[in-house]
Amino acid sequence: MSTVKDFETSQFPTWCPGCGDFGIWTALKNAFVEQGLLPHQTCVVFGIGCSGNMASFLNVYGFHGLHGRSIPVATGIKLANHKLPVVAIGGDGDGYGIGLGHLIHAMRRNVDITYVVHNNQIYGLTKGQTSPTSEHGLVTKSTPFGAIEMPIDPIALAIDVGATYVARGFSGNAKQLTELIIGGMKHKGFALIDVMQPCVTYNHLNTFHWFYQRLYELDKEGHDPADKAKAWARAMEWPTQLKVDENRVDRIPTGLFYQESRATYTDELPQLSDQALVEQTLGNIQIEPLMKKIS
Ligand SMILES: Cc1ncc(C[n+]2csc(CCOP(=O)(O)OP(=O)(O)O)c2C)c(N)n1
Ligand code: SF4
């Protein structure tokens, strides 16, 4: 049996006081403990950002790689040992900006990983530039006259391209987020958990207070995650394509939007049907016949 302390390192997080990243860190640790996992049975891959700095604060087998590249690394780990639970962590810039190409194809392939995105709608680590999820018209250091682009809707995108577990959490609701992460890890296939995570230092629009006025929970309204058309309709509720208006009170759904059962990428590979790659002995492999065939 493990405890939350087992998943902590000697370093206390360096995030700004009040940052939403603390809530996600708490939910992740809770999710590991509630599943009875031990640190050595858990693999977490981190991108670059305030979100990725969690690599120093979480005691697991981890890989802190390049900006936007956590998904290919997580996919590689899953191919090498598809029996290992693999979680990837990143920010909205990391996952929905520079890393978006990787993300779309991993969702399409239904790679069995759980991707937790710290969506603060801004670049935190680089001190407050517009991100792919910043609201249309948001004034930041890089868009002093307001963001020109429309925000990406990660939930609609994930449903569209083939993710099989699609959820939105909130870093201010660790209980719900813990349940969503456990659900994502138990799910066989690609799980996207988009977490609204206030950046208290650089995003002065999407604050905790702003979210508390707008969030609601899908399961309390009887949403059926097996119904793709209804999931799509809920995904369309937010983000809107309208210009920033602090006085507009949108309704923002949280919880599990969509879940389906479909073969994972590694399920489809006959080479892995008996054993994980790491369990296979390489000594008996004859490469010459294959080389002759393709030369
Ligand atoms: C290839 C590359 N391009 C740009 C950067 C600079 N950079 C570091 S973090 C970051 C964005 C951080 O925003 P986000 O991914 O949303 O994470 P957050 O810090 O908000 O958690 C950028 C542009 C980098 N490290 N590597
Ligand atoms: S800059 Fe923003 S996201 Fe980064 S630690 Fe501070 S509050 Fe959190």
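Just so we're clear, the structure is a prediction, and the values are computed from it rather than from any experiment.

Colleague: How would you summarise the overall build of the chain if you had to cite specific residues and measurements?
Modeller: Summing up its helical and strand segments, the chain has nine helices and eight strands in all. Its C-alpha radius of gyration of 20 Å places the chain within 12% of the 19 Å reference for a compact globule of 295 residues. The principal-axis extents of the C-alpha atoms in the chain amount to approximately 70 × 45 × 40 Å. Across the 295 residues of the chain, 51% fall into the buried class.

Colleague: Talk me through the site of ligand 1; I want residue IDs and the actual numbers.
Modeller: Inspection of the region around ligand 1 gives 16 residues, with Cys50, Ser51, Gly93, Asp94 and Gly124 positioned closest. A distance of 2.8 Å separates an oxygen atom of ligand 1 from a polar backbone atom of cysteine 50. A distance of 3.3 Å separates an oxygen atom of ligand 1 from a polar atom in the side chain of aspartate 92. Look at ligand 1: alone it shows 590 Å² of surface, and the protein chains cover 72% of it. Sorting elements by how many residues they give to the shell around ligand 1 places helix 3 (residues 92-98) first, with four residues. Residues of the shell around ligand 1, tallied by class, amount to six nonpolar, eight polar and two charged.

Colleague: Give a detailed account of the site of ligand 2, specifying residues and quantitative values.
Modeller: Within the structure, ligand 2 sits among Trp15, Cys16, Cys19, Cys50, Asn120, Gly124, Gln197, Cys199, Val200, Thr201 and Tyr202. The residue makeup of the shell around ligand 2, split by class, is seven nonpolar, four polar and no charged.

Colleague: Would you mind going over the packing of aromatic side chains in detail, with residue names and values included?
Modeller: All chains considered together, the criterion is met by 12 aromatic pairs. With 5.3 Å between their ring centres and 85° between their planes, tryptophan 15 and phenylalanine 22 make a pair best called edge-to-face. Residue tryptophan 15 is classed as buried on the basis of its relative accessible area, which comes to 7%. Aromatic ring contacts, followed pair by pair, group Phe170, Phe208, Trp210, Phe211, Tyr212 and Trp238 into a single cluster. Over the aromatic face of tryptophan 25 sits the side chain of lysine 29, whose NZ or CZ is 3.2 Å from the ring centroid. Taking the ring centre of tyrosine 216 as reference, the NZ or CZ of arginine 251 above it sits at 3.9 Å.

Colleague: Give a description of the pairing of strand 8 (residues 252-259) that names residues and reports values.
Modeller: By the criterion of burial, strand 8 is predominantly enclosed, with six of the eight residues buried. The sheet contact formed by strand 5 (residues 165-170) and strand 8 spans four bridges and is antiparallel. Each residue of the ladder has a partner; that of valine 166, found in strand 8, is tyrosine 258. Both strand 7 (residues 215-217) and strand 8 contribute to a ladder of three bridges, which runs parallel.

Colleague: Tell me about the sheet that holds strand 4 (residues 114-119), and please be specific about residues and values.
Modeller: As summarised here, the arrangement of the eight strands in space is 2-1-3-4-6-5-8-7, forming an open sheet in which the pairing is mixed. Each having just a single partner strand, strand 2 (61-64) and strand 7 make up the two edges of the open sheet. Between one strand and the next, the sheet's axes are offset by a mean angle of 20°, whatever the strand orientation. As defined by bridge partners, strand 3 (residues 86-91) adjoins strand 4 across five bridges and the pair is classed as parallel. By the bridge assignment, glycine 90 is partnered in strand 4 with valine 117.

Colleague: Which residues make up empty space enclosed by the protein, and what values go with them?
Modeller: Following the criterion strictly, the structure yields two cavities of 30 Å³ or more and no others. What lines the largest cavity is Asn119, Gln121, Thr133, Pro151, Ile152, Pro154, Arg168, Asp194, Met196, Trp238 and Pro239. Residues belonging to the lining of the largest cavity are distributed by class as follows: six nonpolar, three polar and two charged. Along its surface, the second largest cavity is lined by Glu135, Leu205, Trp210, Val244, Asp245, Glu246, Arg248 and Asp250. Each residue belonging to the lining of the second largest cavity can be placed in one class, and the counts come to three nonpolar, no polar and five charged.

Colleague: Please give an account of the nonpolar core that cites residues and values.
Modeller: Core analysis: the biggest nonpolar cluster contains 31 residues, and Tyr115 and Phe190 have the highest contact counts within it. Elements supplying a minimum of two residues to this core: strand 1 (43-46), helix 2 (70-80), strand 3, helix 4 (100-109), strand 4, helix 5 (154-161), helix 8 (228-235) and strand 8. In terms of residue count, the dominant contributor to this core is helix 5 (five residues). Excluding its chain neighbours within four sequence positions, the residues that come into contact with tyrosine 115 are Ser70, Ile71, Ala88, Ile89, Gly90, Asp94, Gly95, Leu103, Phe190, Ala191, Leu192 and Ile193. By size, the runner-up hydrophobic cluster in this structure holds 30 residues, among which are Phe46, Met54, Ile181 and Ala191.

About the cut-offs
Residues numbered from 1 in each chain as written. Chains lettered and ligands numbered in written order. Predicted model: local features only at pLDDT ≥ 70, side-chain atom pairs only at ≥ 80, totals over all residues. Heavy atoms only, no water. Helix = DSSP H or I, 4+ residues; strand = E, 2+ residues; numbered from the N terminus. Rg over C-alpha atoms; globule rule 2.2 N^0.38 Å. Buried < 20%, exposed > 50% of the residue type's maximum accessible area, 1.4 Å probe, protein only. Near = heavy atom within 4 Å. Polar contact = N/O pair within 3.5 Å; in protein donor to acceptor, adjacent residues only side chain to side chain. Areas by Shrake-Rupley, 256 points an atom, 1.4 Å probe, with all protein chains shown as cover. Nonpolar A, V, L, I, M, F, W, Y, C, P; charged D, E, K, R; others polar. Phe/Tyr/Trp six-rings, centres within 6.5 Å; stacked < 30°, edge-to-face > 60°. Lys NZ or Arg CZ within 6 Å of the ring centre and 35° of its normal. Pairing = 2+ DSSP bridges. Axes fitted to C-alpha atoms, helices over the stretch in contact; angles between N-to-C directions. 1 Å grid on protein atoms, 1.4 Å probe; cavity = no way out; pocket = protein on both sides within 12 Å on 5 of 7 lines; lining within 4 Å. Points joined across faces, edges and corners; volume = space filled by probe spheres on them. Core = buried A, V, L, I, M, F, W, Y, C linked by side-chain atoms within 4.5 Å. Contact = heavy atoms within 4.5 Å.

Note that every value here comes from positions in space, so none of it alone points to a role or purpose.
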